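Structural description and commentary
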Amino acid sequence: MTTDPAPLESRMPPPARPPVPPPPRWAVRAAHVAAWSTVPSGLWRVALVLGVPVGVMEREEILAAFPDDSPLIALAYVLLIGAVAEVASYLTLGLVRPWGEVVPRWIPFLGGRPVERRLAVLAASLGALAVTVLWWVLFFGGLLTSPSPDPGISAGEVLFVAAYAPLLLWGPLLAAVTWSYHRRHTARARL
């Protein structure tokens, strides 16, 4: 006669973790606005390098900052800056999408693993702080406090501000979406 190796309860797999509650609708919308907030300024920079009159500065002024006044190097630089900003802002969507819960399988070495909640919250919080300080304090704070050579506002300045103003939304929206992500994951951890 054989002995029962273990009670049935000990042979069963541990219960699955409860699912993370879905993100609230406001957080999904805020994440999308944050992701799109970098597009207008990127388009403005590309237009500047391509020679489209944007009013605040001329193409030659920006090309003078590059070796041999090279439009190709300037365009590559502007596209790289835009790509980095777009990728960084696009990561906000991970806080409201499934790939913010589990790393997509196509990513080497990490694919299929759960995203570490604390690391995601820390990285997103630091990102929100960084882009808020960058755009609210350093960029627009400097822009608003610098003396203007002209008493009026030109159409080029209006276009420039319209292209860069959406960046003011990026940090606060990222912070709000991060807070929502943290609350949803904290609620699951308590269950």
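All of these numbers come straight from a predicted model, not from anything done at the bench.

Conventions and cut-offs
Residues numbered from 1 in each chain as written. Predicted model: local features only at pLDDT ≥ 70, side-chain atom pairs only at ≥ 80, totals over all residues. Heavy atoms only, no water. Helix = DSSP H or I, 4+ residues; strand = E, 2+ residues; numbered from the N terminus. Buried < 20%, exposed > 50% of the residue type's maximum accessible area, 1.4 Å probe, protein only. Lys, Arg positive; Asp, Glu negative; His and termini not counted. Salt bridge = Lys/Arg side-chain N within 4 Å of Asp/Glu carboxyl O. Contact = heavy atoms within 4.5 Å. Axes fitted to C-alpha atoms, helices over the stretch in contact; angles between N-to-C directions. Parallel < 35°, antiparallel > 145°, perpendicular 65-115°, else oblique. Nonpolar A, V, L, I, M, F, W, Y, C, P; charged D, E, K, R; others polar. Core = buried A, V, L, I, M, F, W, Y, C linked by side-chain atoms within 4.5 Å. Phe/Tyr/Trp six-rings, centres within 6.5 Å; stacked < 30°, edge-to-face > 60°.

As for the side chain of Arg 45
As for its placement among the helices and strands, Arg 45 is situated in helix H3 (residues 39-50). In this structure, Arg 45 is buried with no salt-bridge partner, the nearest side chain bearing the opposite charge being Glu 86 at 6.8 Å. Excluding residues within four positions of it along the chain, Arg 45 makes contact with Val 78, Ile 81, Gly 82 and Tyr 164.

With respect to the packing of H3 against helix H7 (residues 155-164)
Packing of H3 against H7 leaves a shortest axis separation of 6 Å and a crossing angle of 135 degrees. Compared by their axis directions, H3 and H7 come out oblique. Note on element contacts: H7 touches H3 through Leu 159, Phe 160, Ala 163 and Tyr 164, opposite Pro 40, Ser 41, Trp 44 and Arg 45. Residue classes in the contact of H3 with H7 are distributed as six nonpolar, one polar and one charged.

Let's talk about the nonpolar core
In this structure, Trp 44, Trp 135, Tyr 164 and Trp 170 are the most contacted members of the largest nonpolar core, which totals 35 residues. The set of elements that each furnish at least two residues to this core consists of helix H2 (25-36), H3, helix H4 (59-63), helix H5 (71-90), helix H6 (117-145), H7 and helix H8 (167-190). If sequence neighbours within four positions are ignored, Trp 170 has contacts with Ala 34, Ser 37, Thr 38, Ala 85, Ala 88, Ser 89, Thr 92, Val 131 and Trp 135.

With respect to the pattern of salt bridges
As enumerated under the stated definition, the model contains two salt bridges in all. Here Glu 101 ties to Arg 184 by a salt bridge, and the two come within 3.8 Å at their closest N and O atoms. In this pair, Glu 101 sits in the loop between H5 and H6 while Arg 184 sits in helix H8, placing the two residues 83 residues apart along the sequence.

Quick look at the packing of aromatic side chains
Two descriptors summarise a pair of aromatic rings, namely the distance from one centre to the other and the angle between the planes of the rings. Evaluation of the coordinates by the stated rule reveals six aromatic pairs. For the pair Trp 44 and Phe 160, a centre-to-centre distance of 5.1 Å together with 70 degrees between the ring planes defines the contact as edge-to-face. Placement of the pair is Trp 44 in helix H3 and Phe 160 in helix H7, with a sequence separation of 116 residues. Under the relative-accessibility criterion, Phe 160 is labelled buried at 12%.

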